[in-house]
Amino acid sequence: MISLVIPTYNEGAVIEQTLRRAAAALRAAHEEFELIVVDDSSADGTAEIAESLGREFPVRVLRRPGRLGLATAVLDGWATARGDLLAVMDADLQHPPEILRPLAEALRQPDTDMALASRYTPGGGMTGWSWIRRFISWGATHLASSVLPLTLADVSDPLSGMFALRRSVLDGVQLNPLGYKILLEVLAKGRYRKFTEVSYIFEPRGHGSSKLGPRQYLEYLMHLARLARSTRQLAAWVRYGSVGLSGAVVNIVGVYFLAEGFGWKLLAALPLAIQLALLNNFIWNESLTFRKVPAADEPRKGLFTRLLRYEVICFSGALLNAGVTLILADHGLRAALAAAGGVLTGGFWNFLLNVPAIWRVWGASRPRPA
Ligand code: GDD
Ligand code: MN
C-alpha cells in the first residue's frame, strides 16, 4: 500500500481536483492507497473540502495548528502512514498527479528503493518559466550538488518535491529537516540501494501563490550547511579547499621560478606550472581528501583513468587561468602576480561550475546498500 502525503497551506481552490487525480493515478497503477492531507490551519476551507471527499476514496486530514513548514508536514504525515510505500507531492497541481503511476510502478523493481520525479531528466522541464527563474532554479540545484557532492552525485533534481520510497529507507533514521526540502534530508540520511528518476513537466501554478519567501531561502542555506556537517561532507570540503589552496601556491611559485627566476617565456612556463598544480591537487585529493570517503558500489576506475578525467574536467578552468594570466602580464603585471590573478579566476570557475564533476572522479558514496 502507498501512503501519499499532500501538504497544504491555503489550497482550497484546487485540492479537490488534486485528490481526484491522485486517486485515479494510483488506481491506474493498481496500487492500494491512502491519501493524507496535512493542513496547516488553512483559512480557505482546504481541510473541510478534503475531508468531504473521504466518502469517495480513502483520504484523511491531519490538521496542524498554524503554519509549521512543508518538510515537517511531510514527516508528520508519514508518521501516521500505514503503507509500506511512502510518497509526497504538492497540492497545487504543479506536480501532475498522473506521475504517481510511474513512480509507484518504479518501486516494484526489487532493488529500487526510491523513485524521484525530475524536471532535469530528458522529457522533463517546466512551462512558463522566465530565463531568470530557470537560472535561479539551476543555481539552487547546482549549489546543493556542490555542497553535497557525494549525496547528490547521481541526482538530477535534488530539490524535487515529488517522490516515493519504501518505508524501510527511513528505518532507524533520524530526520531533522529545516524548511522546504525534505528530499535532501531523505537522500542524505536514508538507507537505499537504487533510485529511479521519472521525468515530469512542472506546471505553472493555476491558483493561489507560491509559499516560498525569503525565510524559505535562508532556511534552505542553513539546511544545506547542516547536512554537509552531519554527513561529514563539510570535513571533506575543508580538505578539498586546502588542497585547492596548495595548488594555487604551486602554480604561482612555479611561474615565479620558471618565468622570473629562469627567464622562461610565460607561454612556456604557464602550462608546466598549471600542470604541476593539477598534479599536486590530484595527488593530495587522492591520498587525503577522498581517502576516507566511502567508495561507490561500482569499483573505482584505475588511477590513470581518474587522473585523465580530472585533467579533462579541470581543462576549462586551466584555460581560463592561462588566459587571464597572459592578459594581466600583457598589461605589465609581473609574472607571479599575473599568475595569482589567473589562479583566482580559474579556481573560482572550477569551484563554481565543476565541483560535482570533480568529486565524482573519486566516486560517489551513494547509493549505499539498505
Ligand atoms: N502543511 C503545509 N505547511 N503545507 C505547506 C506549507 C506549510 O508550511 N508551505 C507550503 N505548503 C504546501 C503548499 O500548499 C503546496 O501544496 C506545497 O506545499 C508546495 O508549496 P509551494 O509554495 O507551491 O511551493 P513551490 O511551488 O514554490 O515549490 C514546490 O515545487 C518544487 C519543485 O518540485 C515545492 O514542493 C518544492 O519542494 C519543489 O521543489
Ligand atoms: Mn507550487
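Keep in mind that this is a model prediction, so the values were computed, not measured. (Residues numbered from 1 in each chain as written. Chains lettered and ligands numbered in written order. Predicted model: local features only at pLDDT ≥ 70, side-chain atom pairs only at ≥ 80, totals over all residues. Heavy atoms only, no water.)

All right, on to the coordination of the manganese ion (ligand 2) then. Protein coordination at the manganese ion (ligand 2) comes from Asp92 (OD) and Gln94 (OE1), with a distance range of 1.9 to 2.0 Å. For the pair shown, Asp92 and Gln94 are each scored as buried. (Donors = N, O, S within 2.8 Å, 3.2 Å for Na, K, Ca; no water. Buried < 20%, exposed > 50% of the residue type's maximum accessible area, 1.4 Å probe, protein only.)

This part is about helix 1 (residues 15–28). With 14 residues, helix 1 ought to run about 20 Å at 1.5 Å a step, and its terminal C-alpha atoms sit 20 Å apart, in line with that. The complete set of buried residues in helix 1 reads Ile15, Thr18, Leu19, Ala22, Ala23, Ala25 and Leu26. Down the axis of helix 1, the sector holding all buried residues measures 165°, keeping them to one side. Where helix 1 is buried, its residues contact strand 1 (2–8), strand 2 (33–39), helix 2 (46–52), strand 3 (59–63) and helix 4 (100–106). Phi turns positive one or two residues past the end of helix 1, at His30, with a value near 55°. (Helix = DSSP H or I, 4+ residues; strand = E, 2+ residues; numbered from the N terminus. Expected span 1.5 Å × (residues − 1). Arc of directions from axis to C-beta. Contact = heavy atoms within 4.5 Å.)

In this fold, Glu98 is placed in the loop between strand 4 (85–88) and helix 4. A residue is classified by how much of its surface remains accessible, and Glu98, at 37% relative accessible area, is partly exposed. Apart from residues no more than four positions distant in its own chain, Glu98 is found in contact with Arg21 and Ala25. Here Arg21 takes part through its side chain, which lies 2.9 Å from a polar atom of the side chain of Glu98. (Polar contact = N/O pair within 3.5 Å; in protein donor to acceptor, adjacent residues only side chain to side chain.)

Further remarks concern the side chain of Ser160. The topology assignment puts Ser160 in the loop between helix 6 (149–152) and strand 7 (163–166). Overall, Ser160 belongs to the buried group, its relative accessible area being 3%. In this structure the side chain of Ser160 is engaged in a polar contact, spanning 2.7 Å, whose partner is the backbone oxygen of Ala117. Beyond its immediate sequence surroundings of up to four residues, Ser160 is in contact with Ala117, Arg119 and Leu183.

It is worth spelling out the sheet that holds strand 1 at this point. To summarise the sheet geometry, strands pair through backbone hydrogen bonds and adopt either a parallel or an antiparallel arrangement. Taking strand neighbours across the sheet as the criterion, the seven strands line up as 3-2-1-4-7-5-8 in an open arrangement whose pairing is mixed. Pairing within the sheet leaves two strands with one partner each, and these edge strands are strand 3 and strand 8 (194–199). For this sheet, the mean inter-axis angle between neighbouring strands, taken without regard to orientation, is 20°. Pairing of strand 5 (residues 112–118) with strand 7 involves three bridges; the strand directions are antiparallel. In the sheet register, Met114 faces strand 7, and the bridge partner there is Leu165. Taken strand by strand, helix 1 contacts strand 1, strand 2 and strand 3, and its axis lies near 155° from that of strand 2. (Pairing = 2+ DSSP bridges. Axes fitted to C-alpha atoms, helices over the stretch in contact; angles between N-to-C directions.)

Reports of interface size often rely on the accessible area that becomes lost once the parts have come together. Splitting the chain by domain gives domain 1 (2–230) and domain 2 (233–360). Contact residues are listed per partner, giving 13 residues for domain 1 and ten residues for domain 2. With both sides pooled, the region where domain 1 packs onto domain 2 buries about 1,000 Å², and carbon together with sulfur makes up 62% of that total. A salt bridge links Asp154 to Arg360; its shortest N-O distance comes to 2.8 Å. Counting across the domain 1 and domain 2 interface gives eight residue pairs in polar contact (both at pLDDT 80 or more). Broken down by secondary-structure element, the contributors of at least two residues to the side of domain 1 that touches domain 2 are helix 5 (131–147), helix 6 and helix 8 (214–230). Residue contributions to the side of domain 1 that touches domain 2 peak at five residues, all from helix 5. (Domains from an automatic or database assignment. Buried area = accessible area lost by both parts, 1.4 Å probe. Salt bridge = Lys/Arg side-chain N within 4 Å of Asp/Glu carboxyl O.)

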